[in-house]
Amino acid sequence: MATATAKTQTFIWSGIDKQGRPANGESQGTSQTMVKAQLRKQGINPKTVKRKPKPLFGGGGKAIKPQDIAIFTRQLATMMKAGVPLVQSFDIVGDGLDNPTMAQLVATVKNDVAGGTGFAAALSKHPKQFDELFCNLVASGEQSGTLETMLDRVATYKEKSEALKAKIKKAMTYPIAVVAVAMIVSVILLIKVVPQFAGTFSSFGADLPAFTLFVLSISEFMQEWWLIIAISVAGGLFAFKTAVEKSPALQLAVDKTLLKIPVIGDIIYQSIIARFARTLSTTFAAGVPLVDALDAVAGTTGNIIYTDAVKRIKDDVVTGQQLFVAIKATNKFPNMLLQMVSIGEQSGALDDMLEKVATFYEEAVDNSVDSLTSLLEPLIMSVLGVLVGGLLIAMYLPIFMLGSVV
C-alpha cells in the first residue's frame, strides 16, 4: 500500500549554537525529529522543538510586497559588502524587518542555506516573492564568486523598478481617485440631501425651474436604483478585468488604447522603454547570455505589444543579427535607444549604454508625472465644481425665486 507524503510544517525551536550562545528560530520540516536533525547539521544543539500554532482566525499575516523584497536585497547586499558571512547576514537583516511574514521568509531561506542548499536554489523555492530573473541573477553571482556585487546590482534593479511602478501608479490612480470621490459625494447628495429639499419644494405652490426638476428626477432614479447600479458597475469592472486576463486579443486592444491616451500614453511608453533598458542592462552586466536576457526582458515590459516585439528581437538575435538591427526592425523603440545600443555594441559597453538610457527615461517618467499632476489639478477642481456646485445651484434656485411666488 502506498505511503502518504508527509506534509511540511513550520516548527519553532530554541537551543545552543556552536559558540554556546542561546539561539532560536523557525524551520520547515515534516516532523520534530527531522527538524532536530537539520539543526544538528547546522551546529545547533536543539533544546525544544514544537509545531508553530496556527493563527486564531486563520489569518496569514501581513502580505509580502515587492518593496519588502527590494529592502531585503539592499540590506543583504550591504551586509555582504561589509564582509559579514551570508548566514549571519540573514540573521541581522531578519531582525530588522518590520513585516513578520517577510522575517519568517528570510528565516526559512537562511535555514535552507545553512543546511547546504545554494542561495539561488533556496530562493527558487519561493517563486511568488523571488521570480526567475531574481534567482538567475543570484545564481550568476554565486557561480562567478561575486555574490555581493550581484546582490548590489539586483538591489538597484529592484529599487529602480519599484520606484518606476510607483510613479506610474501615481499617474494612473490620482485622477481616478479624485473623480471617484466626486461621484460618490454627488450620489450621496442625490440620495440623502436632495429628497429633503424636494419635500420643501412641494409646498411652494409654483412651477419649479427646469434645472431643479431635472436634478429631482435624477435623485428619484438614484433612490430607487442605486444598489442595482452599484452592483452592475462592480460586476462590469470585474467581468472586464477577467476578460482582459483571459483574452489575448482584448489585452492587445487595451494595451494599444492605453498607449494612445494623451499624456498618460507617453508616460506608459517611457516606462516601457525604461524597464526594457534597465532589465537588459542588469542581466547583460551579470553575464547572462543575450538570448536568455531577452527572455527575462519580455516578461517585464508590462505591455503585450512590446512583449511580442522583444520576442521578435530574440528570434532575430538567435539567427545571428546584431541587437541594434533586431531592435530597429520592430519600429517600436526610440531613436535614442537605437543609437545607444549601436554605440554599446561597437564599444563593448552595452550594459553601460543601456543603463544611461534607463536613467534618462526614468527621469522622463518622473517629469511627465509631475507635469500631469499639475495639469490635472485645475481640471479636477473644475469637475468637482461642476458636479457639487451644480447640485447646490439646482436646490437653491427655487429659494432664490421664492420672492416671485409670494
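Reading the values: rules and limits
Residues numbered from 1 in each chain as written. Predicted model: local features only at pLDDT ≥ 70, side-chain atom pairs only at ≥ 80, totals over all residues. Heavy atoms only, no water. Helix = DSSP H or I, 4+ residues; strand = E, 2+ residues; numbered from the N terminus. Contact = heavy atoms within 4.5 Å. Areas by Shrake-Rupley, 256 points an atom, 1.4 Å probe, with all protein chains shown as cover. Lys, Arg positive; Asp, Glu negative; His and termini not counted. Charge placed at Lys NZ, Arg CZ, Asp CG, Glu CD. Pairing = 2+ DSSP bridges. Axes fitted to C-alpha atoms, helices over the stretch in contact; angles between N-to-C directions. Salt bridge = Lys/Arg side-chain N within 4 Å of Asp/Glu carboxyl O. Buried < 20%, exposed > 50% of the residue type's maximum accessible area, 1.4 Å probe, protein only. Parallel < 35°, antiparallel > 145°, perpendicular 65-115°, else oblique. Nonpolar A, V, L, I, M, F, W, Y, C, P; charged D, E, K, R; others polar. Phe/Tyr/Trp six-rings, centres within 6.5 Å; stacked < 30°, edge-to-face > 60°. Patch = residues over 30% accessible without salt bridge, like charges linked within 9 Å, V, L, I, M, F, W, Y side chains within 5 Å.

Chemist: For this particular structure, what's the right way to read the overall build of the chain?
Modeler: Looking only at helices and strands, the chain features 16 helices and three strands. Overall, the C-alpha framework of the chain stretches about 95 × 60 × 50 Å when taken along its three principal axes. A sequence separation of at least 24 residues applies to 60% of the contacts in the chain between residues at least 6 apart. Just so you have it, the chain exposes about 22700 Å², and 61% of that area is on carbon and sulfur atoms. A distance of 9 Å separates the average location of the 38 positive side-chain charges in the chain from that of its 34 negative side-chain charges.

Chemist: Explain the sheet that holds strand 2 (residues 22–29) here, please?
Modeler: Adjacent strands of a sheet form backbone hydrogen bonds with each other and so pair up, either parallel or antiparallel. Taking strand neighbours across the sheet as the criterion, the three strands line up as 2-1-3 in an open arrangement whose pairing is antiparallel. Strands at the two margins of the open sheet, each flanked by one partner only, are strand 2 and strand 3 (45–51). Adjacent strand axes in the sheet meet at a mean angle of 25 degrees when their direction is disregarded. Bridge count between strand 1 (residues 9–16) and strand 3: six bridges; the pairing is antiparallel. Bridging across to strand 3, tryptophan 13 finds its partner in valine 49. Contacting strand 1, strand 2 and strand 3, helix 1 (residues 32–41) runs over the sheet at an angle of about 145 degrees to strand 3. This element, helix 4 (residues 100–114), spans strand 1 and strand 2 of the sheet and lies at about 85 degrees to strand 2.

Chemist: Is there a simple way to think about the pattern of salt bridges in this case?
Modeler: Any two side chains of opposite charge can pair, on the condition that their charged atoms come close. Overall, the coordinates contain eight salt bridges when judged by the stated rule. Measuring nitrogen to oxygen at the nearest pair gives 2.6 Å for the salt bridge that ties arginine 74 to aspartate 152. Taken as a pair, arginine 74 in helix 2 (residues 66–81) and aspartate 152 in helix 7 (residues 147–201) lie far apart in primary sequence, 78 residues in all. Its relative accessible area of 21% is what places arginine 74 among the partly exposed residues. On the basis of relative accessible area, aspartate 152 is assigned to the partly exposed category, the value being 22%.

Chemist: What am I meant to see in the packing of helix 8 (residues 210–246) against helix 9 (residues 248–260) here?
Modeler: A pair of packed helices is characterised by two quantities: the angle between their axes and the separation of those axes. In contact at an axis separation of 5 Å, helix 8 and helix 9 are set at 105 degrees when each is read in the N-to-C sense. Taken together, the axis directions place helix 8 and helix 9 in an arrangement best described as roughly perpendicular. Facing helix 8, whose interface residues are Phe240, Ala243, Val244 and Lys246, helix 9 presents Pro248, Leu250, Gln251 and Val254. In terms of residue class, the contact of helix 8 with helix 9 is built from six nonpolar, one polar and one charged.

Chemist: Mind showing me how you'd approach the packing of aromatic side chains here?
Modeler: Centre-to-centre distance and the angle between the planes together describe a pair of aromatic rings. Applying the stated criterion to the full structure yields eight aromatic pairs. Aromatic side chains phenylalanine 72 and phenylalanine 90 sit 6.4 Å apart centroid to centroid with 10 degrees between the ring planes, which places their arrangement in the stacked category. Of this pair, phenylalanine 72 sits in helix 2 while phenylalanine 90 sits in helix 3 (residues 86–95), and the two are 18 residues apart along the sequence. On the accessibility criterion, phenylalanine 72 (2% relative accessible area) is buried. Judged by centre distance (4.8 Å) and plane angle (45 degrees), the ring pair of phenylalanine 276 and phenylalanine 333 falls under tilted. Of the two residues, phenylalanine 276 sits in helix 10 (residues 264–285) while phenylalanine 333 sits in the loop between helix 13 (323–330) and helix 14 (335–347), which places them 57 residues apart along the sequence.

Chemist: Before we go on, may I ask you to explain a positive patch on the surface in this structure?
Modeler: On the surface, Lys256, Lys260, Arg312 and Lys332 cluster together into a positively charged patch. Within the secondary structure layout, lysine 260 lies in helix 9.

Chemist: Would you mind going over unusual backbone geometry with me for this structure?
Modeler: Peptide bonds are trans in most cases, and residues, glycine excluded, mostly fall at negative phi. For valine 263, which is not glycine, the phi dihedral falls at a positive 65 degrees. A relative accessible area of 33% places valine 263 in the partly exposed class.

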